[in-house]
Amino acid sequence: MRYAVIADIHANLEAFSAVLQDIKSAGGVDRFWCLGDVVGYGPDPSSCIKLLREQKPVCIAGNHDLAVIGKLSLKDFNPDAAEAIKWTVQQITEDDKKYLESLPRVIEKDGFTLLHGSPREPVWEYLISIGSAMANFNYLRTQYCLVGHSHKPLFFHQQMDGNVVSIPFNETIGQVLSRERCIINPGGVGQPRDGDPRASYAIYDSQAGIIKIHRVSYDYKETQVKIMKANLPLKLSIRLANGV
Ligand code: ZN
């Protein structure tokens, strides 16, 4: 079985479409997993929700998705993010809202836990250090865990002696999922933050037991023009060129 693992689309239709095209040209997948933040920051929330639903995904809610449906306070977001969330509320349909309302915060499936932030704090925690990974393995009930939120491709695994190590996770080599426990972030589709502006996602091949990062160039200039036309904060446009 082949799984596409994507996170943090953030209403970036150009990036998301390029990723879907890339998946298709790689032979397609059997399952589609999305780790939240479908909307927020970007200029095409409704189109991205529609396109996502066409993939019949297993999808969980991110902090931006929850804020758009009024389940998180805007006070917890930085001013640019809050402004984009307010704008997004005006753009999406009732049906879009119902879809976002239907998304759970945690799902356990096929040996994986899927969530947006971390096992101990599924919505908000940025799981980016060995220290936070080590603490979070204690909250994990499955062997593997997939997270989003930081928009950075990351791979932590817990060795048999309990030590946690961070392994380089990039497009050059796939990582074997062994009997050791892992926490994995596929990077961000719509607003990558690892210094590489290309959209990031992962493909997991359960037969081979390998998960691999894929990076996809897309026309971010088109997204930038849309962000400016929508009068969304300028910073949200600039960062797409730099992948930060
Ligand atoms: Zn996000």
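Anything mentioned here points back to the structure above.
Below is a summary of the structure that appears in this document.

Quick notes on the rules
- Residues numbered from 1 in each chain as written.
- Predicted model: local features only at pLDDT ≥ 70, side-chain atom pairs only at ≥ 80, totals over all residues.
- Heavy atoms only, no water.
- Helix = DSSP H or I, 4+ residues; strand = E, 2+ residues; numbered from the N terminus.
- Polar contact = N/O pair within 3.5 Å; in protein donor to acceptor, adjacent residues only side chain to side chain.
- Contact = heavy atoms within 4.5 Å.
- Pairing = 2+ DSSP bridges.
- Axes fitted to C-alpha atoms, helices over the stretch in contact; angles between N-to-C directions.
- Core = buried A, V, L, I, M, F, W, Y, C linked by side-chain atoms within 4.5 Å.
- Buried < 20%, exposed > 50% of the residue type's maximum accessible area, 1.4 Å probe, protein only.

### Thoughts on the environment of Lys-229
Among the structural elements, Lys-229 can be located in helix H7 (residues 220-229). Here the alpha-carbon distance between Lys-229 and Pro-43, two residues 186 residues apart in the chain, equals 9.0 Å.

### Some points on the side chain of Thr-142
When you line up the elements, Thr-142 lands in the loop between helix H6 (130-137) and strand S6 (144-146). A distance of 2.6 Å separates the side chain of Thr-142 from the side chain of Thr-113, its partner in a polar contact. Only 2.8 Å separates the side chain of Thr-142 from the backbone oxygen of Tyr-144, close enough to count as a polar contact. Contacts of Thr-142, omitting those with residues within four sequence positions, involve Glu-108, Gly-111, Phe-112, Thr-113 and Arg-181.

### Looking at the sheet that holds S6
With respect to topology, 6 strands assemble into an open sheet ordered S4-S5-S6-S10-S7-S8, the strand pairing being mixed. Every other strand in the sheet has two partners, leaving strand S4 (106-109) and strand S8 (164-166) as the edge strands with one partner each. Each neighbouring strand pair of the sheet contributes to a mean axis angle of 15°, computed without reference to strand direction. Bridge count for S4 against strand S5 (residues 112-115) is 4 bridges, and the pairing is antiparallel. Across the sheet, the residue bridging to Lys-109 is Phe-112, located in S5. Where H6 meets the sheet, its contacts fall on strand S7 (153-158), S8 and strand S10 (181-186), and the angle it forms with S8 comes to roughly 135°.

### Remarks on the nonpolar core
Counting 47 residues, the largest nonpolar core has Ile-6, Ile-9, Phe-16 and Leu-52 as its most contacted members. Element by element, the count of residues in this core is highest for helix H1 (residues 13-25), at 7 residues. Setting aside its immediate chain neighbours within four residues, Phe-16 contacts Ile-6, Ile-9, Phe-32, Cys-48, Leu-51, Leu-52 and Val-189. Formed by 32 residues, the second largest nonpolar core is a distinct cluster that contains Phe-156, Tyr-204, Ile-211 and Ile-213.

From the geometry alone we can't say anything about function, so treat these as descriptive.
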